[in-house]
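Close look at the chain arrangement
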Amino acid sequence: MSRLRPTVAVLLAGLMLLTGSLAAACGEDEPDLVRVQLDWTPNTNHTGVYVALAQRWYEEEGVEVEILPYSGANGDLLVAEGVADVAFSFATTVPFARAQGLDVVSIAAVLQKSPTEIAALEDGPIKRLRDMDGKLYAGWGLPYELPQWRTVIQADGGEGTAELVVLDTGAYDALLAGRVHAVEIFVTWEGLDWDRQGIEYRTWRHADFGVPDRPAVLLVSSAETLDAKEDALVRFMRATLRGYEFAVEDPDEAGRLLIETAGGDAFPDPELVYASASLLADEYYLAADGRWGSQTLAQWSEYPGWLFEHGLLTDENGDPLASEPDWSAHFNTEIIEAARE
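First, a word on what this report is: a plain description of the structure on this page. (Residues numbered from 1 in each chain as written. Predicted model: local features only at pLDDT ≥ 70, side-chain atom pairs only at ≥ 80, totals over all residues. Heavy atoms only, no water.)

Inspection of the secondary structure puts alanine 239 in helix 10 (residues 230–249). Taking relative accessible area as the criterion, alanine 239 reaches 1% and is therefore assigned buried. Residues contacting alanine 239, with those up to four places away along its chain left out, are Ala52, Trp57, Tyr58 and Glu61. (Helix = DSSP H or I, 4+ residues; strand = E, 2+ residues; numbered from the N terminus. Buried < 20%, exposed > 50% of the residue type's maximum accessible area, 1.4 Å probe, protein only. Contact = heavy atoms within 4.5 Å.)

Here it is, written out as structure tokens:
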């Protein structure tokens, strides 16, 4: 018997190894991994993903979601390079990325209109946009910023001679301290925060002054990933869709789940989260068809078309594009439509 025991043990070990290999080959207990790149620290634009995580809806779909924290790297570039499968991005950056040859495509519109507006202090010198001529605005130094400012100022009868200082998130403090005359704020965050602080300010929407609106925040992937992980992405989107639909139906609970899942340290002011979640649910998440995530060719022809008309889209050599891109190639509706089935 003593000689048989090692033999039996070896046989059992081999059987277990074979069983494990077959299970792995069949995908049992091995959920598909989807790596999601954030565009900033966790915030209310990400609510649907965090709700789906909290409710374990990704698990139900056989998907393991890995949240990649924001590191300053461009999400469009990270999906094009295969570092991330999905990334939060913007309609202001995807046309630039594709013009330079990056493999990036939008698979869902997170917000259906831009949450950013031009802001100036109520007691400051800027009473209307043409007052910005010769004045200073703070921004990020992105290629579309100055042309947008020039357009809105000229639409109000000015010359468009505002000057830029690049301060990133320091722009807001600079405005409040009187060091600059105007900034762009997220009305779904800074605007709400300023309201709660009693700061008096005025805002203007770009779309009222010649700059087309757009579905602002996007979820993007790459054509290569869409081909390689189509089924996993459909299941990822099905759970994500449920998350954002939940955020529309119950923004307070969605805000609570966001705080709980992302970690309370990310949100020192929970009431601001609830206010933002409510505003997004009321005005930003749903498209004209009443659904979350929808994208249309008309949307993709307007703002990106404006970028092209102003000569802002350049190729990998830095030369302006000679012909208007095929905007239908910038977005994909198949994934989300399959997720709705």
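Once the structure has been displayed, the description carries forward.
Our next topic: the sheet that holds strand 9 (residues 201–204). The strand order 8-5-9 describes an open sheet built from three strands, whose pairing is antiparallel. Every interior strand has two partners, whereas the edge strands, strand 8 (183–186) and strand 9, have only one. On average, each strand axis in the sheet is tilted by 45° relative to the strand beside it, whichever way the strands run. The pairing of strand 5 (residues 116–121) with strand 9 spans four bridges and is classified as antiparallel. Looking across to strand 9, one finds that alanine 120 is bridged to arginine 202. (Pairing = 2+ DSSP bridges. Axes fitted to C-alpha atoms, helices over the stretch in contact; angles between N-to-C directions.)

A separate point is unusual backbone geometry. Although it is not a glycine, arginine 56 sits at a positive phi angle of roughly 60°. In this structure, arginine 56 sits in the loop between helix 2 (47–54) and helix 3 (57–60). The backbone of aspartate 168 sits at a positive phi, close to 55°, despite the residue not being glycine. Within the secondary structure, aspartate 168 is located in the loop between strand 7 (163–166) and helix 7 (170–176).

Looking now at the pattern of salt bridges. Tallying each qualifying case throughout the model produces 18 salt bridges. Close ionic contact of arginine 291 with glutamate 337 constitutes a salt bridge, the shortest N to O distance being 3.2 Å. Of this pair, arginine 291 sits in the loop between helix 12 (270–283) and helix 13 (297–309) while glutamate 337 sits in helix 14 (residues 334–340), placing them 46 residues apart in sequence. In this structure arginine 291 comes out as partly exposed when scored by relative accessible area, which is 33%. Linking glutamate 337 and arginine 340 is a salt bridge whose minimum nitrogen-to-oxygen distance equals 3.4 Å. Placement of both glutamate 337 and arginine 340 in helix 14 is noted, with a separation of three residues, approximately one turn of the helix. According to the relative accessible area criterion, arginine 340 is partly exposed, its value standing at 22%. (Salt bridge = Lys/Arg side-chain N within 4 Å of Asp/Glu carboxyl O.)

Overall, mixed pairing links the five strands, which are arranged 2-1-3-10-4 in an open sheet. Across the chains shown, the open sheet's two edge strands, defined by having one partner strand only, are strand 2 (63–68) and strand 4 (105–109). Each strand axis lies, on average, 35° off the axis of its neighbour in the sheet, ignoring direction. As judged from the four bridges shared by strand 4 and strand 10 (residues 217–221), these two strands associate in the antiparallel manner.

With that settled, the discussion passes to the packing of aromatic side chains. According to the stated counting rule, one finds eleven aromatic pairs in the structure shown. Look at tyrosine 137 and tryptophan 149: their rings are 4.3 Å apart centre to centre, the planes differ by 20°, and that puts the pair in the stacked class. Here tyrosine 137, found in strand 6 (residues 136–139), pairs with tryptophan 149, found in helix 6 (residues 145–155); they are twelve residues apart in sequence, far enough to count as distant. Of the two residues, tyrosine 137 and tryptophan 149, neither departs from the other in class, the shared state being buried. Taking 5.3 Å as the distance between ring centres and 80° as the angle between the ring planes, the aromatic pair formed by tryptophan 194 and tyrosine 201 counts as edge-to-face. Between the NZ or CZ atom of lysine 113 and the centre of the ring of tyrosine 284, over which it lies, the distance is 4.9 Å. Positioned over the ring face of tyrosine 303 is arginine 214, at 4.5 Å from the centre of the ring. (Phe/Tyr/Trp six-rings, centres within 6.5 Å; stacked < 30°, edge-to-face > 60°. Lys NZ or Arg CZ within 6 Å of the ring centre and 35° of its normal.)

Everything listed is a geometric property; what it means functionally is a separate question.
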